[in-house]
Amino acid sequence: MDTGLRDTFIHRWNRYFPGAELPITFELGGKARGVERAFAPTGWRCFVCDLAKVRRGQDLVFGEESVGCRGARFYLGYEGERFEDFRYFLSYGKPGGVEGERYKQTPEIVDALDAGTARIPAGGKNYLFKRWDRLTETDHPDAVVFFARGEVLSGLFTLANFDQSDPYGVVCPFGAGCSSVVHYPWLEQQKENPKAVFGMFDPSARPCVPIDVLTFAVPMKTFERMVGFMEESFLTTGSWGKVKRKIAKSNALHVR
């Protein structure tokens, strides 16, 4: 990638979102030589929890063996089908077998949801995760993922819609926490006019993120445009100046 874009964004981010956390990135099939591999969990482990290391600046490579959650294995493309009785797991359960999460009212709703869910062709490939400031010219990220609170999210949401007449420049699809970070952003990146993805509403993944933090994932095609028009947008106005003060206040109140 163009490291000039990397540095330009960091400069503008610090100016308009002072003290806010830098985003992370992922690349499906990225060059993993010399990068630490995420450990193979011995049991269930939420994939979102491991991303905390990337947010702190540690490059990580995830392969099929690194993902212990069955939902993450599906959403990252390492399994093409759901596990047996998933339709009951996501709904009201199955007596004597599966405890239901009750995220969907009926198994039939789960079936209809899965029937329309596209798959990522990730078999045999790794995911390379890096924080934005760690990127080099050899990296070609698919998407940029922010972990942020309300004021920062308001800026990202408005910026993503800045050059759009369509009021739906940002989507918020139902799915696991990892689906909003990887699955849907990657699928959007394959489109001509990709949309940003708002997420991390999955109750099962919430223990892995700080209080009040949600995610905003931007396909790289869209992100490059967003960086380009930051300095002609609302970010330069007095209205945003008031929000910047709230961002500073939020940073002082919350310890990462």
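Residues numbered from 1 in each chain as written. Predicted model: local features only at pLDDT ≥ 70, side-chain atom pairs only at ≥ 80, totals over all residues. Heavy atoms only, no water.

Right, let's talk about the overall build of the protein for a bit. Counting its regular elements, the protein contains nine helices and seven strands. Computed over C-alpha atoms, the radius of gyration of the protein comes to 19 Å, within 12% of the 18 Å expected from 2.2 N^0.38 for 256 residues, which places it in the range of a compact globule. Here the C-alpha coordinates of the protein stretch approximately 60 × 40 × 40 Å along the principal axes. Considering the protein as a whole, with its 256 residues, one finds that 49% of them fall into the buried category. Within the protein, contacts between residues separated by at least 24 positions form 73% of all contacts whose residues are at least 6 apart in sequence. When the accessible surface of the protein is split by element, carbon and sulfur atoms take 52% of a total near 12300 Å². Averaging the positions of the 34 positive and the 32 negative side-chain charges in the protein gives two centres separated by 5 Å. (Helix = DSSP H or I, 4+ residues; strand = E, 2+ residues; numbered from the N terminus. Rg over C-alpha atoms; globule rule 2.2 N^0.38 Å. Buried < 20%, exposed > 50% of the residue type's maximum accessible area, 1.4 Å probe, protein only. Contact = heavy atoms within 4.5 Å. Areas by Shrake-Rupley, 256 points an atom, 1.4 Å probe, with all protein chains shown as cover. Lys, Arg positive; Asp, Glu negative; His and termini not counted. Charge placed at Lys NZ, Arg CZ, Asp CG, Glu CD.)

The next subject is the state of the cysteines. Summed over the entire model, instances satisfying the criterion amount to one disulfide. Counting only cysteine sulfurs, Cys178 is the nearest neighbor of Cys69, a cysteine outside any disulfide, at a range of 5.9 Å. Taking the relative accessible area as the measure of exposure, Cys69 reaches 14% and is therefore buried. (Disulfide = S-S within 2.5 Å.)

Consecutive residues of a regular strand have side chains that alternate between opposite faces of the sheet. Within strand β1 (residues 24-28), five of the five residues are buried, which leaves the element mostly enclosed by the surrounding structure. Here β1 shows a buried face lined by Ile24, Phe26 and Leu28 and a second buried face lined by Thr25 and Glu27. Judged from the five bridges that link them, β1 and strand β3 (residues 127-131) form a sheet pairing that is antiparallel. Within β3, the position partnered with Phe26 by the bridge is Phe129. With three bridges connecting them, β1 and strand β4 (residues 143-148) associate as antiparallel partners. In the sheet register, Phe26 faces β4, and the bridge partner there is Ala143. (Pairing = 2+ DSSP bridges.)

A word on empty space enclosed by the protein. Rolled over the atoms, a probe sized like a water molecule indicates the empty space that remains. Under the definition given, this model contains five cavities of 30 Å³ or more. At the level of elements, β4, α6 (150-160) and α9 (238-253) are the ones that each hand at least two residues to the lining of the largest cavity. Within the lining of the largest cavity, the residues separate by chemical class into seven nonpolar, three polar and five charged. (1 Å grid on protein atoms, 1.4 Å probe; cavity = no way out; pocket = protein on both sides within 12 Å on 5 of 7 lines; lining within 4 Å. Points joined across faces, edges and corners; volume = space filled by probe spheres on them. Nonpolar A, V, L, I, M, F, W, Y, C, P; charged D, E, K, R; others polar.)

Before going further, it helps to spend a moment on the side chain of Glu188. Within the secondary structure, Glu188 sits in helix α7 (residues 177-189). Owing to a relative accessible area of 8%, Glu188 belongs among the buried residues under this scheme. For Glu188, the side chain forms a polar contact with the side chain of Lys191, separated by 2.8 Å. In terms of polar contacts, Glu188 uses its side chain to reach the backbone amide nitrogen of Lys195, at 2.8 Å. (Polar contact = N/O pair within 3.5 Å; in protein donor to acceptor, adjacent residues only side chain to side chain.)

Among the residues of helix α8 (residues 220-228), Met220, Thr222, Phe223, Met226 and Val227 are the ones counted as buried. Take α8 and look down its axis: the buried residues cluster within an arc of 150°, on one side only. In the core, the buried residues of α8 are packed alongside α1 (3-16), β4, α6, α7 and β7 (214-219). (Arc of directions from axis to C-beta.)

For the structure shown, the criterion picks out 20 salt bridges. Between Glu81 and Arg119 there is a salt bridge, with its nearest N and O atoms 3.6 Å apart. With Glu81 in the loop between α3 (70-75) and α4 (86-89) and Arg119 in the loop between α5 (107-115) and β3, the pair connects residues that are 38 residues apart, well separated along the chain. We classify Glu81 as exposed; its relative accessible area is 57%. A relative accessible area of 31% means that Arg119 is categorised as partly exposed. Among the ionic pairs, Asp111 bridges to Arg87, the shortest N-O distance being 2.7 Å. Of this pair, Asp111 sits in helix α5 while Arg87 sits in helix α4, and the two are 24 residues apart along the sequence. Connected through salt bridges with shared partners, the residues Arg12, Arg15 and Glu231 form a single ionic network. (Salt bridge = Lys/Arg side-chain N within 4 Å of Asp/Glu carboxyl O.)

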